[in-house]
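Summary of structural features
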Amino acid sequence: MQLAPDKDLLQAFSLRRPADVIFIVFLLLFVTSILGNFLYTWDVAGYVGAAISWQTSDSVAIHAQTYELLRLELPEQAFAGLVNGPYATAMATNAEQFVSQLDMYRLKPLYIGLLNLLSDTGLSLIDAGKVLSVAPAALLCTLMYVWLKHHVSAKFALSITVLLSACSRLFDVARVVLPDSLSALILVLAVYLFLERPGAAKWTLVLLVLSILVRTNNILFVAPLLIYMSYAESRLEGWRGAGVRGPALALLAAVICYFVVSAAFDHQWWRLFYHTFIESIVDMNAFAAGFSFDQYLQVLSIRLRQIVIGNFVMVTMLLPFLLFAVLGLLASRGRFAGLRMTVMISFLNFICYFLMFPLVESWDRFFIPFYIFIVVLSVRSVAPPYKSDTNRVSATGV
């Protein structure tokens, strides 16, 4: 039975429906498999250190507590991987240099705050990091399944959800202490509410603003979407209409959050770009290299060659999802205006990431929400129309 978009999400499940039972089993296996194959990259040190830095400003104490916790909590082999190698060794042996890295991690204040909040319940910071990776991933799978069931059969929704959880690299992202699962969940939930539950518009706006506090680079998606929402409402009510004020105020709040957080934690795009693509910086405070257009172009050229002649599909799933996006946009002409615009804004983000942070091998972790939007558009483009698709009146034409 097709659920109307305004029904409670919990009503989307029934133990009498085989597909729902299979989905619950899949979700349990998904979580169990992640926890049994968890990976510890150096980022876990950065996020643990950033969380501890909320409790003390003493560099030596932050460094000592971070590495002691890592030594006690991590498997021996995983801990060894975090203290070996030129960069990792410098971080493990020099407190000042380690603390100089932490602004890159404190730049996600909502994520760091949640780590500390979970830690206050008795979890270690590492276990808190696991929860904030695994739980949002599981919730995101659930949201995908429920969303797809609005438009296709439960069996088809189940099949797509299982495939998407693997092909979007959500499984891989959930195995690492990173804010990416949480960021993806917030963005997808915001867009789901925007498109499927117009009555929850306020929550959409709140979530979009909060996403900036989880990842400041979400501004690349949030700002264009809020501009579109304002424009769509203005077509119905005019620019002075009540419907325009909400998205406009949310846009202002998102932009303010972006600049305040970036300034508070000394975010410098070129320094991060240099650190990632040119040479690891062991002391961020001592970085003084000015922007070099030649070095920038050289990095882009190398990355472009990796895309064009490298083993691109194995490195990132962007190419097949781009194909699905094009097909979905072509098949949905004249329909689903809000969803189509969301996918087109995703295209803008693909371009921005290539120009600003062309880390091809890690793109998928930033693109998970966009992949989900593309799949939903593709599915809706070929699925038979439902009453909820054709009878809803909305400024966005969803």
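Just so you know, these numbers come straight off a predicted model, no measurement behind them. (Residues numbered from 1 in each chain as written. Predicted model: local features only at pLDDT ≥ 70, side-chain atom pairs only at ≥ 80, totals over all residues. Heavy atoms only, no water.)

Take the overall build of the chain next. The helix and strand inventory of the chain stands at 22 helices and zero strands. Relative to a compact globule of 398 residues, whose C-alpha radius of gyration would be 21 Å, the chain shows 22 Å and is just as compact. Each principal axis of the C-alpha distribution contributes one length, and for the chain these read about 65 × 50 × 45 Å. Residue burial in the chain is summarised as follows: out of 398 residues, 54% are buried. For the chain, contacts bridging at least 24 residues in sequence account for 74% of all contacts bridging at least 6. Summed over all atoms, the accessible surface of the chain reaches about 18100 Å², with 66% contributed by carbon and sulfur. Where the 27 positive side-chain charges of the chain centre and where its 24 negative ones centre are 15 Å apart. (Helix = DSSP H or I, 4+ residues; strand = E, 2+ residues; numbered from the N terminus. Rg over C-alpha atoms; globule rule 2.2 N^0.38 Å. Buried < 20%, exposed > 50% of the residue type's maximum accessible area, 1.4 Å probe, protein only. Contact = heavy atoms within 4.5 Å. Areas by Shrake-Rupley, 256 points an atom, 1.4 Å probe, with all protein chains shown as cover. Lys, Arg positive; Asp, Glu negative; His and termini not counted. Charge placed at Lys NZ, Arg CZ, Asp CG, Glu CD.)

This paragraph deals with the state of the cysteines. Using the criterion set out here, one finds zero disulfides in the structure. Just so you know, Cys-257 is unpaired, no disulfide at all, and the nearest cysteine sulfur is the one on Cys-352, 20 Å from it. (Disulfide = S-S within 2.5 Å.)

Okay, the nonpolar core next. Across soluble globular proteins, you tend to see nonpolar side chains buried next to one another. Counting residues in each nonpolar core, the largest one holds 136 residues, and the members touching the most others are Trp-42, Tyr-67, Leu-70, Phe-98, Leu-115, Leu-226 and Phe-367. Of the residues forming this core, the biggest block, 15 residues, is contributed by helix H9 (residues 125–149). Beyond its immediate sequence surroundings of up to four residues, Leu-115 is in contact with Tyr-47, Ala-51, Leu-125, Ala-128, Gly-129 and Leu-132. (Core = buried A, V, L, I, M, F, W, Y, C linked by side-chain atoms within 4.5 Å.)

It is worth spelling out the environment of Phe-366 at this point. Positionally, Phe-366 belongs in helix H21 (residues 363–382). Overall, Phe-366 belongs to the buried group, its relative accessible area being 9%. C-alpha of Phe-366 to C-alpha of Gln-97: the two residues are 269 residues apart in sequence and 27 Å apart in space.

Turning our attention to the packing of helix H1 (residues 18–36) against H9. Their axes nearest at 10 Å, the elements H1 and H9 cross at an angle of 155°. Here H1 is positioned roughly antiparallel relative to H9, judged by the angle of their axes. In this structure, the crossing between H1 and H9 has a hand that is right-handed. Residues Ala-19, Asp-20, Phe-23, Phe-26, Leu-27, Phe-30, Val-31, Ile-34 and Leu-35 of H1 form the contact with H9, whose own contacting residues are Val-134, Ala-137, Ala-138, Cys-141, Thr-142, Tyr-145 and Lys-149. Class assignment of the residues belonging to the contact of H1 with H9 gives a composition of 13 nonpolar, one polar and two charged. (Axes fitted to C-alpha atoms, helices over the stretch in contact; angles between N-to-C directions. Parallel < 35°, antiparallel > 145°, perpendicular 65-115°, else oblique. Left-handed = near helix turned anticlockwise from the far one by under 90°. Nonpolar A, V, L, I, M, F, W, Y, C, P; charged D, E, K, R; others polar.)

Side chains of Leu-15, Val-21, Ile-24, Val-25, Leu-28 and Leu-29 sit close together on the surface and give an oily, nonpolar patch of about 570 Å² of accessible area. The residue Leu-15 is located in the segment before H1 in this model. What makes Leu-15 exposed here is its relative accessible area of 70%. (Patch = residues over 30% accessible without salt bridge, like charges linked within 9 Å, V, L, I, M, F, W, Y side chains within 5 Å. Salt bridge = Lys/Arg side-chain N within 4 Å of Asp/Glu carboxyl O.)

The final tally for this structure, using the stated rule, is 10 salt bridges. The shortest N-O distance in the salt bridge between Arg-17 and Asp-20 comes to 2.3 Å. A salt bridge links Arg-175 to Asp-172, with the shortest nitrogen-to-oxygen separation between them at 3.7 Å. Judged by its relative accessible area of 34%, Asp-172 falls in the partly exposed class.

Further remarks concern the environment of Phe-324. Relative to the elements of secondary structure, Phe-324 occurs in helix H19 (residues 318–331). Expressed as a C-alpha distance, the spacing of Phe-324 and Ser-301, which sit 23 residues apart in the sequence, is 26 Å.

On to the packing of aromatic side chains. Scanning all chains against the criterion turns up 41 aromatic pairs. Note on Tyr-47 and Tyr-105: the rings are 4.8 Å apart at their centroids and 85° apart in plane angle, and the pair reads as edge-to-face. Highlighted residues: Tyr-47 in helix H2 (residues 43–52) and Tyr-105 in helix H7 (residues 103–106), separated in sequence by 58 residues. We note that Tyr-47, like Tyr-105, is buried. With centroids separated by 4.0 Å and ring planes inclined at 5°, the aromatic side chains of Phe-321 and Tyr-371 adopt a geometry described as stacked. One end of the pair, Phe-321, is in helix H19; the other, Tyr-371, is in helix H21, and 50 residues separate them in sequence. Given the relative accessible area of 5%, Phe-321 is considered buried. For Tyr-371, a relative accessible area of 0% corresponds to the buried category. (Phe/Tyr/Trp six-rings, centres within 6.5 Å; stacked < 30°, edge-to-face > 60°.)

Below, the discussion takes up the packing of helix H14 (residues 219–237) against helix H15 (residues 242–264). Where H14 contacts H15, the two axes come as close as 8 Å, and the packing angle between them is 165°. On the basis of the axis angle, H14 is roughly antiparallel to H15. Handedness of the crossing formed by H14 with H15: left-handed. Between H14 and H15, the residues in contact are Ile-219, Val-222, Ala-223, Leu-226, Ile-227, Met-229, Ser-230, Glu-233, Ser-234 and Glu-237 and Ala-242, Gly-243, Val-244, Pro-247, Ala-248, Ala-250, Leu-251, Ala-254, Val-255 and Tyr-258, respectively. Split by residue class, the contact of H14 with H15 holds 15 nonpolar, three polar and two charged.

For the rest of this paragraph, the subject is the confidence of the model for the chain. Looking at the chain, the pLDDT average stands at 89 and 91% of residues meet or exceed 70. Low confidence marks residues 1–8, where pLDDT is under 50. Its contacts with residues over four positions away, or in another chain, come to 15 contacts. Across residues 387–398, confidence stays below pLDDT 50; counting only partners more than four residues off in sequence or on other chains, it has 26 contacts. (pLDDT = per-residue confidence, 0-100.)

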